[in-house]
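Fold and geometry: a report
Each chain is listed here by its residues.
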There are 4 protein chains.
Amino acid sequence: MRILFLGDLVGRAGRQVAIDQIPRLRTKWKIDLLVVNGENAAGGFGINEDIYESLIEVGADAVTLGNHAFDQRETLVFIERAERLVRPANYPPGTPGRGSVLVELHDGRHALVMNLMGRTYMDAMDDPFALAERELAACPLRHRADAILIDFHGEATSEKQAFGHFVDGRASVVVGTHTHVPTADQQIFAGGTAYISDAGMCGDYDSILGMDKEEPIRRFTRKIPSGRFEPATGEATLCGLAVETDDATGLAMRISRVCIGPRLESCLPKFW
Amino acid sequence: MRILFLGDLVGRAGRQVAIDQIPRLRTKWKIDLLVVNGENAAGGFGINEDIYESLIEVGADAVTLGNHAFDQRETLVFIERAERLVRPANYPPGTPGRGSVLVELHDGRHALVMNLMGRTYMDAMDDPFALAERELAACPLRHRADAILIDFHGEATSEKQAFGHFVDGRASVVVGTHTHVPTADQQIFAGGTAYISDAGMCGDYDSILGMDKEEPIRRFTRKIPSGRFEPATGEATLCGLAVETDDATGLAMRISRVCIGPRLESCLPKFW
Amino acid sequence: MRILFLGDLVGRAGRQVAIDQIPRLRTKWKIDLLVVNGENAAGGFGINEDIYESLIEVGADAVTLGNHAFDQRETLVFIERAERLVRPANYPPGTPGRGSVLVELHDGRHALVMNLMGRTYMDAMDDPFALAERELAACPLRHRADAILIDFHGEATSEKQAFGHFVDGRASVVVGTHTHVPTADQQIFAGGTAYISDAGMCGDYDSILGMDKEEPIRRFTRKIPSGRFEPATGEATLCGLAVETDDATGLAMRISRVCIGPRLESCLPKFW
Amino acid sequence: MRILFLGDLVGRAGRQVAIDQIPRLRTKWKIDLLVVNGENAAGGFGINEDIYESLIEVGADAVTLGNHAFDQRETLVFIERAERLVRPANYPPGTPGRGSVLVELHDGRHALVMNLMGRTYMDAMDDPFALAERELAACPLRHRADAILIDFHGEATSEKQAFGHFVDGRASVVVGTHTHVPTADQQIFAGGTAYISDAGMCGDYDSILGMDKEEPIRRFTRKIPSGRFEPATGEATLCGLAVETDDATGLAMRISRVCIGPRLESCLPKFW
Ligand SMILES: [Fe+2]
Ligand SMILES: [Fe+2]
Ligand SMILES: [Fe+2]
Ligand SMILES: [Fe+2]
Ligand SMILES: [Fe+2]
Ligand SMILES: [Fe+2]
Ligand SMILES: [Fe+2]
Ligand SMILES: [Fe+2]
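Residues numbered from 1 in each chain as written. Chains lettered and ligands numbered in written order. Predicted model: local features only at pLDDT ≥ 70, side-chain atom pairs only at ≥ 80, totals over all residues. Heavy atoms only, no water.

Selection rule: UniProt positions are given in the numbering used here, feature names are shortened, and annotations may be inferred rather than shown by experiment.
In the nomenclature of an unreviewed UniProt entry, chain A is known as Metallophosphoesterase of Terrihabitans soli. Of chain A, the UniProt comment under Sequence similarities (unreviewed entry) reads exactly: "Belongs to the YmdB-like family."

Now the structure itself:
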């Protein structure tokens, strides 16, 4: 199965590059499963129904979130009817929305897309390790899902790597998000799980995490907020991960970073 | 000036790959300035005098450190006579050792190597922004130094990017360390400063941050330590950054990640 | 029911004052239920079987713990047979020991003693609110327990107060521990739960949290450890909480701080 | 010198109790120096010029602040002309306002009032220990100031106690603020400095830190904000610290908590 994941879309620039590129890349690379992290799509903070729907329309199979999942108030409402919108599974039980979705592909194969939040240097959510354990037991690879992709939204590289190895052989892909910086540590672990610590954001890389540089620098140097964070408006660079799995095992055979745009070194999967 | 920086050496595996590769790379790429982060060189925790000297002997011009600077007790003593060992400059005044060193190159040019620690999700050190401001005023690029390299040892990508832009045009290179994961966001900022959020470690990438996987995973899942962290012993991958500066301006002209070894995708500077 | 709780015993000084005073106070005040927090009893870090047994022998009905629960390696073993040793209930499922104990009093009444850890500025444990909800449903006040005491071991006053109000009317006593400083905010909430943000430690108050002052001050000023933390050895002050509940409702009728010793202002329950 | 300090005023209830009580207590106890922490006086977040002036008018000699110092935008402007408004001294150099003020008392004596912020579990400010060292050298007790009061605004009891002992003998009073909970650990240290870990707030103690209980509890249990924090509106309890110093030494002779109001146990200085 050919899988393409795009990291956190930040603001209008990030949405635009995703909407422009998704149809083209789906076709060109014959993508089977395309997942996008949308936690910063609405002005940098959360997502709304229009944006969610536009992403599904252009070809996303699922949209994952993170710590900004509920920044837009309307999300608490529309998330229930947004069947392919996935918020971190380790919110408390009873939280609106879903923590994973079993996507049916065009040809009848199934892929499980799960979203989890790390806890190191982040809010105290339920245990993502224990929760993954349960979910993977309930929907084991190859039995109910031909592929399993987990978007692990976290800060610390230690926790992300530990999680990747923890599910090695039980998930097809563990892709980190949240730092808004692509890492270059993509590899296929010994058990067959494709792993990267962070997919990076889709946004303007002449910025601080996709936001205008001025206010963040001021807060670091002056310790007093003097305005709001606004998404940077320069041309966006698209960052993500491409993985090809073996349908016989559900495990990864090939992995490549994806990077298309004006500011970072270009990177395309050589195997497609 | 041709600059090569190698990220945190972790344990014996990390030291070995650095010691094996430094002489070869220096010669092959005609490196003028070679800097290594050694904060995890001694069994994963700090550095000792033997290791420091062996790194200088094989060709490092300076060795930087980080939050593990003083993990080995002997460091408090030998750091005073280790003239090219640089600990974070934002330790409290009076801390043994130095926060920057002006290296004289073989041909008489000078390079300033500075080490700073971030404060987001890390210990509360002195302000690295204010300190860089002062240091750069005292030793401005092109006046007293032909090149300035700052190893910014930090956790949060926001703080690293903010710092990079803060000194943009005033330093030749800002290279992040500490997360032990190479990022792929290397670029030359508008003002001419070469930047990468993290150089990655030199160590075994079948590991968690260069350490054996078992104990870290156990701590995340069980919340009870059951042993010590030990460096992983598999073959190391070398990770770093290559930058070429323009001697007329002291600013960066070319930038490339460097990655050599068994587990991560290989990457070499195309311009040398 | 007359309940006496003593805060974190720190080192030899803390143990001594507890062992000296428990028999006397039990008799003098006709205590029905006496609970002690022992997480720092063994040299400041954790507890061992000898200490646990000596506390039970002199008259403690239960010993609670906290983030230092497993600092002594032997605890993982003896905790299973230590029937009145209670570690935080929100360790991951499968952790040795128990998170609550139903104590049978001398006259056949029962008291539930529970231990929970906060998560704000502390390690990411399971949700203490959700867990308390479940435990209180399984063992409701007056049905299976004549009184319920919860030792909430946490750092942030916001989380402690929120927890206290969350279980108000469902627990007899919520007593905070961990900061090693007694608070003076004891009150009976509207629903009938007795509450204090922190009971304070039993230890030498000419110290920093019960430990020798020199090393902690050095770490704050120099940012480099230069030795181990050692319990202060001056005469200890005993700190705790006294609560009297109404057996008809299981709720609190009277509350008083308890403070006996050389350094802090003395405080005794006026109602006994 | 007779010194009265009142902890963080929270919202209208906190302001009211302070304004009602200050004139009465000043007269009754013949207070020489009266200091109030006002960081939460304006709706729970910061302070404005009207509130500042009303506090000075009723008899406060100085108003200290904390991490909420600049929550109200107007503070950046009026703080320069508010000569007795003291924000934490360890904001970066160049921050508007002052970190200490030398108050001239009615009879010509002088008292230095300083405000500092802790860094443990708080934002990364400049080093409060180093800064106190410098300030106390520049304005030593008995030479330029007859008394020195430091409001140390911090979260962790370890840092507050370490700071207290660090300046023991060099300041008259170290009074902690920020946790909004009064501690009962007031004592005069060996060197003569009066110390308490926290003065507690002036506000409604049927609340969470002075704010309505509902929203904070919801955030702890659901992890999604669903509204703003609003000050609780019940009758406030006044909390603070009373200290009497010896003018010959500038050091403390007597110390007592102060607590007046409907919800916490009343406490008045017995020595006045
Ligand atoms: Fe994001
Ligand atoms: Fe995020
Ligand atoms: Fe490191
Ligand atoms: Fe580090
Ligand atoms: Fe403790
Ligand atoms: Fe504790
Ligand atoms: Fe406050
Ligand atoms: Fe505060």
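What follows continues from the structure just given.
Some points on the relation of the copies chain D and chain A
Filter applied, for reference: Least-squares fitting of one copy onto the other uses the C-alpha atoms of those residues that reach a pLDDT of at least 70 in both copies.
Superposing chain D onto chain A takes a rotation of 180 degrees plus a shift of 0.0 Å along the axis, which leaves an RMSD of 0.0 Å. Interpreted geometrically, this transformation is the action of a two-fold axis. Ranked by how close their C-alpha atoms come to the rotation axis, the residues of chain D are headed by Tyr121(D), at 5.7 Å.

Looking at the interface of chain D and chain A
Rule in force here: Contacts are assigned to residue pairs that have any heavy atoms within 4.5 Å of one another. Take the accessible area each of two parts loses on contact, using a 1.4 Å probe, and add the two losses: that sum is the buried area. By convention in these notes, a salt bridge is any Lys or Arg side-chain nitrogen within 4 Å of a carboxyl oxygen on Asp or Glu. In protein, a polar contact means a hydrogen-donor-capable atom and an acceptor-capable atom, both N or O and within 3.5 Å, with residues adjacent in sequence counting only if both atoms are side-chain atoms; elsewhere, any N or O pair within 3.5 Å suffices. Residues are grouped as follows: nonpolar covers Ala, Val, Leu, Ile, Met, Phe, Trp, Tyr, Cys and Pro; charged covers Asp, Glu, Lys and Arg; every other residue, Gly included, is treated as polar.
Between chain D and chain A, the residue contacts involve 16 residues of the former and 16 residues of the latter. Carbon and sulfur atoms supply 61% of the area buried between chain D and chain A, which totals about 1,100 Å² over both sides. One can count two salt bridges joining chain D with chain A. For Asp123(D), the salt bridge is made with Lys223(A), and the minimal N-O distance between the two is 3.1 Å. Summed over the shared surface of chain D and chain A, the result is six residue pairs in polar contact (both at pLDDT 80 or more). Class assignment for the residues of the side of chain D that touches chain A results in eight nonpolar, four polar and four charged.

Things to note about the coordination of the iron ion (ligand 3)
Residue and element names in this part refer to chain B. Worth spelling out the cut-off: As a rule, N, O and S atoms within 2.8 Å of a metal are its donors, except that Na, K and Ca use 3.2 Å; water is not among the atoms, so sites may look incomplete. Under this scheme a four-donor centre is tetrahedral when all angles range from 85 to 135 degrees, a four-donor centre is square planar and a six-donor centre octahedral when opposite donors are above 155 degrees with the rest from 65 to 115, and any other centre is irregular. Helix and strand assignments come from DSSP, with helices taken as H or I runs of at least 4 residues and strands as E runs of at least 2, each series counted from the N terminus. Think of it in three bands: residues with accessible area under 20% of the maximum for their type are buried, residues over 50% are exposed, and the middle band is partly exposed, with areas taken using a 1.4 Å probe on protein chains only.
For the iron ion (ligand 3), the protein coordination sphere consists of Asp-8 (OD), Glu-39 (OE), Asn-40 (OD1) and His-180 (NE2), at 2.1 to 2.2 Å. The site at the iron ion (ligand 3) holds four donor atoms, and with the angles between them running 86 to 163 degrees, its shape is irregular. On the primary sequence, the residues serving as donors to the iron ion (ligand 3) are separated as D-x30-E-N-x139-H. For the pair the iron ion (ligand 3) and the iron ion (ligand 4), the metal-to-metal distance amounts to 3.4 Å, and Glu-39 bridges them. With Asn-40 in the loop between strand E2 (33-37) and helix H2 (49-58) and His-180 in the loop between strand E8 (173-177) and strand E9 (187-188), this pair connects stretches of sequence that are 140 residues apart. The burial state of Asn-40 is the same as that of His-180; both residues are buried.

Quick notes on the interface of chain A and chain B
Each side of the interface is counted separately: chain A has 39 residues, and chain B has 39 residues. For the chain A and chain B pair, buried surface summed over both sides reaches about 3,500 Å², with 57% attributable to carbon and sulfur atoms. Our count for the chain A to chain B interface comes out at two salt bridges. With its nearest N and O atoms 3.5 Å apart, the salt bridge here joins Lys270(A) to Glu265(B). There are 15 residue pairs in polar contact (both at pLDDT 80 or more) connecting chain A and chain B. Counting only elements with at least two residues in the side of chain A that touches chain B, the list comes to helix H5 (157-166), strand E9 (187-188) and helix H6 (214-222) of chain A. A per-element tally of the side of chain A that touches chain B places H5(A) first, with seven residues.

Examining the coordination of the iron ion (ligand 2)
All names here are of chain A. Every protein donor of the iron ion (ligand 2) is listed here as Glu-39 (OE), Asn-67 (OD1), His-153 (NE2) and His-178 (ND1), and their distances to the metal cover 2.1 to 2.2 Å. Considering all four donor atoms around the iron ion (ligand 2), angles at the metal cover 83 to 150 degrees and the coordination shape is irregular. Here the iron ion (ligand 2) and the iron ion (ligand 1) are spaced 3.4 Å apart, linked through Glu-39, which binds each one. Taken together, the residues span a long stretch of sequence, with Glu-39 in the loop between strand E2 (33-37) and helix H2 (49-58) and Asn-67 in the loop between strand E3 (62-64) and helix H3 (75-78) at a distance of 28 residues. The class for Asn-67 is partly exposed, based on a relative accessible area of 28%.

Description of the sheet that holds E9(B)
Residues and elements named next belong to chain B. Test applied: Two strands are counted as paired when DSSP detects at least two bridges linking them. Axes here refer to lines fitted to C-alpha atoms; in helices the fit is confined to the stretch in contact. Angles between the N-to-C directions go from 0 to 180 degrees.
Reading across the sheet, the six strands line up as E5-E6-E7-E8-E10-E9 and stay open at both edges, with mixed pairing between neighbours. Whereas interior strands pair on both sides, the edge strands pair on one side only; in this sheet they are strand E5 (100-104) and E9. Sheet analysis places E8 next to strand E10 (residues 194-196), joined by three bridges and oriented parallel. By the bridge assignment for E10, Val-175 is matched with Ile-196. Sitting on the sheet, helix H4 (residues 128-138) is in contact with E5, strand E6 (110-117) and strand E7 (147-153), with an inclination near 165 degrees to E6.

Things to note about the UniProt feature "active site" (unreviewed entry) in chain A
Annotation from UniProt places "active site" (unreviewed entry) at His68(A). In this structure, His68(A) is in contact with Glu39(A), Asn40(A), Phe45(A) and Gly46(A), ignoring residues within four places of it in sequence.

So, the pairing of strand E12 (residues 252-260) of chain B
Residues and elements named next belong to chain B. In terms of burial, E12 is largely enclosed, as seven of its nine residues are buried. Here eight bridges tie strand E11 (residues 238-245) to E12, and the two strands are oriented antiparallel to one another. Across the sheet, residue Gly-240 finds its bridge partner in E12, namely Val-258.

Considerations on helix H4 (residues 128-138) of chain C
Note the threshold: What the arc covers is the set of directions going from the helix axis to the C-beta atoms.
Those residues of H4(C) that sit buried are Pro128(C), Phe129(C), Leu131(C), Ala132(C) and Leu136(C). Buried residues of H4(C), seen end-on, are gathered within an arc of 160 degrees and therefore sit on one face of the element. Set apart from the buried face of H4(C) by more than 90 degrees, the exposed residues are Arg134(C) and Ala137(C). The inward-facing, buried residues of H4(C) contact strand E6 (110-117), strand E7 (147-153) and helix H5 (157-166) of chain C together with helix H6 (214-222) of chain D. Of the residues flanking the start of H4(C), the one acting as N-cap is Asp127(C), its side-chain oxygen 2.8 Å from the backbone nitrogen of Phe129(C).

Overview of the pattern of salt bridges
Oppositely charged side chains can form a pair if their charged atoms are brought close together. A complete count under the given rule lists 68 salt bridges over all chains for this structure. Between Arg109(C) and Asp247(C) there is a salt bridge, with the nearest N and O atoms lying 2.6 Å from each other. Placement of the pair is Arg109(C) in the loop between strand E5 (100-104) and E6 and Asp247(C) in the loop between strand E11 (238-245) and strand E12 (252-260), with a sequence separation of 138 residues. Since its relative accessible area comes to 18%, Arg109(C) is described here as buried. Here Arg254(D) makes a salt bridge to Glu244(D), at a shortest N to O gap of 3.8 Å. With Arg254(D) in strand E12 (residues 252-260) and Glu244(D) in strand E11 (residues 238-245), this residue pair connects regions lying 10 residues apart in the sequence. What makes Arg254(D) partly exposed here is its relative accessible area of 34%.

Digging into the state of the cysteines
We apply this condition: When the sulfur atoms of two cysteines come within 2.5 Å, that pair is taken as a disulfide.
Per the stated rule, a full pass over the model turns up zero disulfides over all chains. Cysteine Cys239(B) is unpaired, with the sulfur of Cys259(B) as its nearest cysteine sulfur at 3.9 Å. With no disulfide of its own, Cys202(D) lies 6.4 Å from the sulfur of Cys239(D), the closest cysteine sulfur.

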